[in-house]
Structures are given as structure tokens and as C-alpha cells.
Amino acid sequence: MALFDDQIHQGTRAGGSSNHSYVVPHVGDTGRLLTCGPRHSDRVGHRQPRVAYKSVSSTVCSSISRHTSIYTCHCTVAPRFKAKEARRPKMSTCAADLAPLLGSAAINATEYLCNRFADTTTAVDSTYLLFSAYLVFAMQLGFAMLCAGSVRAKNTMNIMLTNVLDAAAGALFYYLFGFAFAFGAPSNGFIGKHFFGLRDVPTVGFDYSFFLFQWAFAIAAAGITSGSIAERTQFVAYLIYSAFLTGFVYPVVSHWVWSADGWASASRTSGPLLFKSGMIDFAGSGVVHMVGGVAGLWGALIEGPRIGRFDHAGRSVALRGHSASLVVLGTFLLWFGWYGFNPGSFLTILKSYGPAGSIHGQWSAVGRAAVTTTLAGSTAALTTLFGKRLQTGHWNVLDVCNGLLGGFAAITAGCAVVEPWAAIICGFVSAWVLIGLNAVAARFKFDDPLEAAQLHGGCGAWGVIFTALFARREYVEQIYGVPGRPYGLFMGGGGRLLGAHVVMILVIAAWVSFTMGPLFLVLNKIGLLRVSAEDEMAGMDQTRHGGFAYAYNDDDASGKPERSVGGPFMLRSAQAAQVAAAEGGQV
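So, a few notes on the structure that sits alongside this text. (Residues numbered from 1 in each chain as written. Predicted model: local features only at pLDDT ≥ 70, side-chain atom pairs only at ≥ 80, totals over all residues. Heavy atoms only, no water.)

**As for the overall build of the protein chain**
1) Next: Broken down by element type, the protein chain carries 17 helices and eight strands.
2) Next: Of all 587 residues assigned to the protein chain, the portion counted as buried reaches 56%.
3) Next: For the protein chain, restricting intrachain contacts to residue pairs at least 6 apart in sequence, the fraction spanning at least 24 positions comes to 72%.
4) Next: A total accessible area of about 23600 Å² is found for the protein chain, and carbon and sulfur atoms account for 63% of it. (Helix = DSSP H or I, 4+ residues; strand = E, 2+ residues; numbered from the N terminus. Buried < 20%, exposed > 50% of the residue type's maximum accessible area, 1.4 Å probe, protein only. Contact = heavy atoms within 4.5 Å. Areas by Shrake-Rupley, 256 points an atom, 1.4 Å probe, with all protein chains shown as cover.)

**Some words on the side chain of Thr-233**
1) Next: Mapping Thr-233 onto the fold places it in the loop between helix H5 (208–228) and helix H6 (235–258).
2) Next: Within the local environment of Thr-233, its side chain forms a polar contact with the side chain of Glu-303, the two groups lying 2.8 Å apart. (Polar contact = N/O pair within 3.5 Å; in protein donor to acceptor, adjacent residues only side chain to side chain.)

**Re helix H13 (residues 473–480)**
1) Next: Buried within H13 are the following residues: Tyr-475, Val-476, Gln-478, Ile-479 and Tyr-480.
2) Next: The positive-phi residue at the C-terminal boundary of H13 is Gly-481, with phi of around 75°.

**Some remarks on the packing of H6 against helix H14 (residues 496–525)**
1) Next: Closest axis-to-axis distance for the H6/H14 pair is 11 Å, and the angle between their directions is 160°. With respect to H14, the axis of H6 lies roughly antiparallel. Read as a crossing pair, H6 and H14 show a hand that is right-handed. Between H6 and H14, the contacting residues are Ala-237, Ile-240, Tyr-241, Phe-244, Leu-245, Phe-248, Val-249, Val-252, Val-253, Trp-256 and Val-257 on the first element and Met-504, Val-507, Ile-508, Trp-511, Val-512, Thr-515, Met-516, Leu-519, Phe-520 and Leu-523 on the second.
2) Next: Across the contact of H6 with H14, the residue classes tally to 20 nonpolar, one polar and no charged. (Axes fitted to C-alpha atoms, helices over the stretch in contact; angles between N-to-C directions. Parallel < 35°, antiparallel > 145°, perpendicular 65-115°, else oblique. Left-handed = near helix turned anticlockwise from the far one by under 90°. Nonpolar A, V, L, I, M, F, W, Y, C, P; charged D, E, K, R; others polar.)

**Considerations on the nonpolar core**
1) Next: Counting 121 residues, the largest nonpolar core has Tyr-174, Phe-179, Tyr-250, Val-288, Phe-341, Val-512 and Met-516 as its most contacted members.
2) Next: In terms of residue count, H5 provides more of this core than any other element does, 12 residues in total.
3) Next: Each residue touching Tyr-250, except ones within four places of it in the same chain, is listed here: Tyr-174, Gln-214, Phe-217, Ala-218, Ala-221, Leu-245, Trp-258, Val-287, Val-288 and Val-291. (Core = buried A, V, L, I, M, F, W, Y, C linked by side-chain atoms within 4.5 Å.)

**A closer look at the environment of Gln-234**
1) Next: Following the sequence through the fold, Gln-234 ends up in the loop between H5 and H6.
2) Next: Looking at Gln-234, the relative accessible area reads 12%, which means it is buried.
3) Next: Between the C-alpha atoms of Gln-234 and Leu-529, which are 295 residues apart in sequence, the distance is 5.5 Å.
4) Next: Beyond its immediate sequence surroundings of up to four residues, Gln-234 is in contact with Gly-527, Leu-528, Leu-529, Arg-530, Val-531 and Arg-544.
5) Next: For Gln-234, the side chain forms a polar contact with the main-chain oxygen of Gly-527, separated by 2.7 Å.
6) Next: Within the local environment of Gln-234, its side chain forms a polar contact with the backbone oxygen of Arg-530, the two atoms lying 3.1 Å apart.

**Some words on the packing of aromatic side chains**
1) Next: Under the criterion given, the structure shown has 35 aromatic pairs.
2) Next: When the ring of Phe-190 is compared with that of Trp-511, the centres are 5.7 Å apart and the planes differ by 85°; the resulting orientation is edge-to-face. Taken together, the residues Phe-190 in the loop between helix H4 (156–183) and H5 and Trp-511 in helix H14 connect sequence positions 321 residues apart.
3) Next: What makes Trp-511 buried here is its relative accessible area of 15%.
4) Next: The ring of Tyr-475 carries the charged tip of Arg-368 above its face, separated from the ring centre by 3.5 Å.
5) Next: In this arrangement the basic side chain of Arg-443 is found over the ring face of Phe-444, its NZ or CZ atom lying 5.8 Å from the centre. (Phe/Tyr/Trp six-rings, centres within 6.5 Å; stacked < 30°, edge-to-face > 60°. Lys NZ or Arg CZ within 6 Å of the ring centre and 35° of its normal.)

**Here we look at a nonpolar patch on the surface**
1) Next: On the surface, a cluster of nonpolar side chains totalling about 410 Å² of accessible area is made up of Leu-172, Tyr-175, Leu-176, Phe-177 and Phe-196.
2) Next: A residue is classified by how much of its surface remains accessible, and Phe-177, at 35% relative accessible area, is partly exposed. (Patch = residues over 30% accessible without salt bridge, like charges linked within 9 Å, V, L, I, M, F, W, Y side chains within 5 Å. Salt bridge = Lys/Arg side-chain N within 4 Å of Asp/Glu carboxyl O.)

**Some words on the environment of Asn-438**
1) Next: Here Asn-438 shows up in helix H11 (residues 420–443).
2) Next: For the pair Asn-438 and Ala-453, spaced 15 residues apart in the sequence, the C-alpha separation amounts to 9.6 Å.
3) Next: When neighbours within four sequence positions are excluded, Asn-438 is seen to be in contact with Glu-451 and Gln-454.

**Things to note about the packing of helix H10 (residues 397–411) against helix H12 (residues 452–470)**
1) Next: At a minimum axis separation of 7 Å, H10 and H12 run at an interaxial angle of 40°. Classified by the angle between their axes, H10 and H12 sit oblique to one another. In this structure, H10 meets H12 at a crossing whose hand is right-handed. Contacts between H10 and H12 involve Asn-402, Leu-405, Gly-406, Ala-409, Ala-410 and Ile-411 on the former and, on the latter, Leu-455, His-456, Cys-459, Gly-460, Trp-462, Gly-463 and Phe-466.
2) Next: In terms of residue class, the contact of H10 with H12 is built from eight nonpolar, five polar and no charged.

**Quick look at unusual backbone geometry**
1) Next: The step from Ala-185 to Pro-186 runs through a cis peptide bond, and the omega angle for that step is -5°.
2) Next: In this fold, Pro-186 is placed in the loop between H4 and H5.
3) Next: The step from Val-201 to Pro-202 runs through a cis peptide bond, and the omega angle for that step is 10°.
4) Next: The backbone of Phe-195 shows a phi angle near 75°, a positive value even though the residue is not glycine.
5) Next: The topology assignment puts Phe-195 in the loop between H4 and H5.
6) Next: The class of Phe-195 is buried, set by a relative accessible area of 9%.

**Things to note about the pattern of salt bridges**
1) Next: Throughout the structure, instances matching the rule amount to 11 salt bridges.
2) Next: For Arg-232, the salt bridge is made with Glu-303, and the minimal N-O distance between the two is 3.7 Å. Taken together, the residues Arg-232 in the loop between H5 and H6 and Glu-303 in helix H7 (residues 285–303) connect sequence positions 71 residues apart.
3) Next: A salt bridge links Arg-315 to Asp-311, with the shortest nitrogen-to-oxygen separation between them at 2.9 Å.
4) Next: Residue class for Arg-315 comes out exposed when judged on its relative accessible area of 55%.
5) Next: Accessibility expressed as a relative area gives 15% for Asp-311, which makes it buried.
6) Next: Connected via shared salt-bridge partners are Arg-152, Glu-231, Arg-306, Arg-309 and Asp-447.

**Brief notes about H6**
1) Next: With 24 residues, H6 extends 32 Å from end C-alpha to end C-alpha; this agrees with the ideal 34 Å at 1.5 Å per step.
2) Next: Among the 24 residues of H6, 18 are classified as buried, and the element is accordingly described as predominantly covered. (Expected span 1.5 Å × (residues − 1).)

Rendered as C-alpha cells:
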């Protein structure tokens, strides 16, 4: 299809709808304007593609190789425009570079090569997004191992099953409702209205890989909540809250912050930005971790502490998890998955921030996000190690693992827009936030077996504040694309970004409280939230799931709280148990 006068280079159609994607090797000084809308590859940091159309003569959609500049756009032909708009300096193009080499075959060769380059760019970006989605999904295995190791052995099967169901139920409800509420455009600032059941997907800006990536984030939020209410919650309550959280509560928050229509989005196109900035939550310290943490807070508060967690005098009694090995394994799996969670949130990788051949591009920003993630988590782990050593006199690997994860949760919001040195500050402060919130939780008899509310809710909120203080101007403009917008207060960017982030912390906490709080209250009122005291003491594996995950001795079988430093259980194999029984001994 010819898009320009016959003397001008032809565009090449890459799509099949009425508004097509074209590879345009040259715009030319003609009386026509080619208008374009960004494709899927133009999204950065969970952002929905902008719906505003731009002139291809002023917007480069993609740059392919050192010698080939092409535009990959969703295009229609617009009417003639003023001559002064047509008189733009010509740019080096595919045809201009190849003509001396190919002679009369230049136009056909350019058309062929540019099509292949465009297809390759889309394929590479889609593969990058899918691989990132697989890494984020692998975090579910990390959550499962962490949860299993953090609870007593008599509840292992129960907590493992809830992790499986978070993913399975979350997939169904996010497919039916959640994705539409989060990214269904066009929509209003509060909630999405399209793509229910993935209707009309794939389309420009939305492909199946994007859905898969966002689903992995949704079930991560549900997994956080399950840790807070572990060891005393009925299985049906898990199913109900998980479906509600992934199908409605979480998608609404992600719409606010990550959709181009969201009222708090930093990439909003349908109205003014919040504090002229919007919320910069690149990978979800607020959207994912605060949502899961606040939901877990309300669930644990309404259920109350586990039996034996506090003695009659109100003193804290440690109900230790049964396997430090599983906790460490789960922590490393989560660490590995976080390299999909944070760097993967760029969604694409083949995007240049400079001229052709420049080392500055999204590939470098992806690496920077991985570095800041690593430094924040590592700093938090070391700070927690020495901080808890001063408090308790012990080198505790479990505390170090939680400190590490707290650092990751905090850096998630700003991993792409801060310098590596700032990530060290983020991790250092997040460790003390977690230590402080754990002390407050013990003071008010709040029982969270995995410290999920403190870790994800508290450290997530700190991460949102941290981003507003340390976001660098250059990185903010590269990623969000508007020069002159607010950035970090301590970096000279003023207080507008901080104001937007404080507002969003309060709004997210209020939204989750007013949705998940009543749900847990209703479940508690009708007797569907907490198991009976008898079932809790015996363990839900035996009373609810048909048997134990292990053969073990339970020191608290009589109802007495465990005080053993080494933990309440001695695990043993079935074979060892049989041998002991045959000898008449005890294991």
C-alpha cells in the first residue's frame, strides 16, 4: 500500500486491521502526514500504551541497527497539513543507506529488510516479556517453600495447597475480570471496562504475553496475604479472599497506577497528572506489596493470634517454623524471580535512548534495575543480620532472609529510576523499618507467621517514599517520556512527586482496608474464617487434608506453647519411625 506520493518511499503494512502497523523507511517532504499510535513495544514499566496519536515525522518508534532507522507504528493517513510542517530536515534512512549498494533494487530491498527487522524487534520484545513472566511465576515456588518452612510441620500441606490455589484461582478470576478491570481501555480513571475474558485480545498494545505477565503479579499479591493468616484459616476462606483480591481489589489499584487512563498514573493521557507527576511505582512496591500486606494485616487482626503465640501474661512465645532449609530455599527462589519482577517490568528491551549505535538504551536500564534490586536486598540482609545480633545475641538466618526480602519489596518501586548508591540507602532503611514494625507487632500482640504485613506492607510503603526522594531526573524522563516532570526531592526535583506518593500510600491503604476488611469480617461472622481450636491444635494437615506431610513428634500436642530453641518438631522418615517402633524405642 502506497502511503505517500509515487515519488516517495512506500510504507510496508505489518498488520491486517483497518488501522494497520507499518514499517516506514522514510517520511519525506510531502503534503501528507502519517499519524501513528505506539504499539505494544512502546510500553515501559507496566504502562498501557498511550492512546494519543503522534506524527511519525517527529516520533521515532524504533531504531533498527546502526545504519537502518525505521518507524514501526500503528498508522492511518491524515489530510494535508501546512507546508512548514512538511519542511523538516530529512533523516538518514534504510533507502538512503542501501541505494548506493543496491542500485535500482533499493526500494524493494528496503521494504523486505525493514519488514524483517520489525518482526525481529517484536519477537525479541515478546520473548523478553514472556521470559520475565516465567521468572515472576517461579516466585510462586519461592513463596510455597518460604511459607512451608515458616509454619509448623502439622500445617505444611495446608499452606502448600493454598499457594497452589492462589495461582490456579487467580488465573481464572484474573482472566475473567481482573485484566479487564486493570487494563481495559478506553476506560475511566477508576476502573477498566474492556477485555473481559480476554475478548478482543490480541490487539494493538495488548498481546497474550502481557496478560501472562500481569497475572503473575496479581497472584503474587494474593500469595503475600496467605502468609499473614497461615496456620489457623479455613481453606474455603483462602479461596474466597484469593478470588476477590485477584479479580477486583488488586486490578483496581493497578489500573490507577499503571493504566494510561488511571487517575494516579505517571503515564496518564486522558487527564491531568496527580500533582503534575502521578505515582512512579515502576514494579509494584505499592501496587503489589502494599496491597498484599494491608490485606494480610486485616486478615490477621480479625482472626487474632494463633493459640499459644502469647502466654497468659501477654509475653511473646516463638512458634518456630519447622524448616530453616525450606525458608532459605524459598528466599533464593524469590531472589531469582525478582529479576523478572523488577527488570522485566520494562516489558521491552529493544529501545534506544540515544542515536543509532549508542550504548544508552533500555537494555542498559534493564541491567541497572537488576543491579539496584541486588544492592537493596543485599544491604537489607546485612543490616538485619547485625541489627538482630545486637538485639538477641544470635546470628539468625531466618531474620536475614526476611530482611533480604524486605529490601527487595522496598526497591521495587524505584528500581529503574534511582542510582545504585541510592539502592543501598533503600535497603539499609528497609531493614530497620522491618525490625521496628516487628517490635510494634509483638507489643500489640499481632501474629503474622511470615511477617508479611510488616515486610510487604511496611517496606513497600517505605519504597514508595524512597522513590519520591531519590528518583533521578534523567531516568524518569527516559522511562516516562515527558521532559520537565517532577522527580526526587533529594535530587533537586521538588516535592510534587513526594506529595503524589504520600497521597497514594494513604489511598491504597484505605482502598484495601475498605474492601478486604469487610470481607474478612463477614467470613468471620458466618464462621468461615478460622478453624476450631481443636483443629488448630491437632494441625490442619490431619484434620482438613487427610494426613501429615511428615512423620514427626509434636512438642505442643498437649496445647502447651513451644519454647524449644531448636524448634518444635523433629522430622523423621517413615522408615526410621518403623525401625524405632520395632525396637520399642522412641525417636
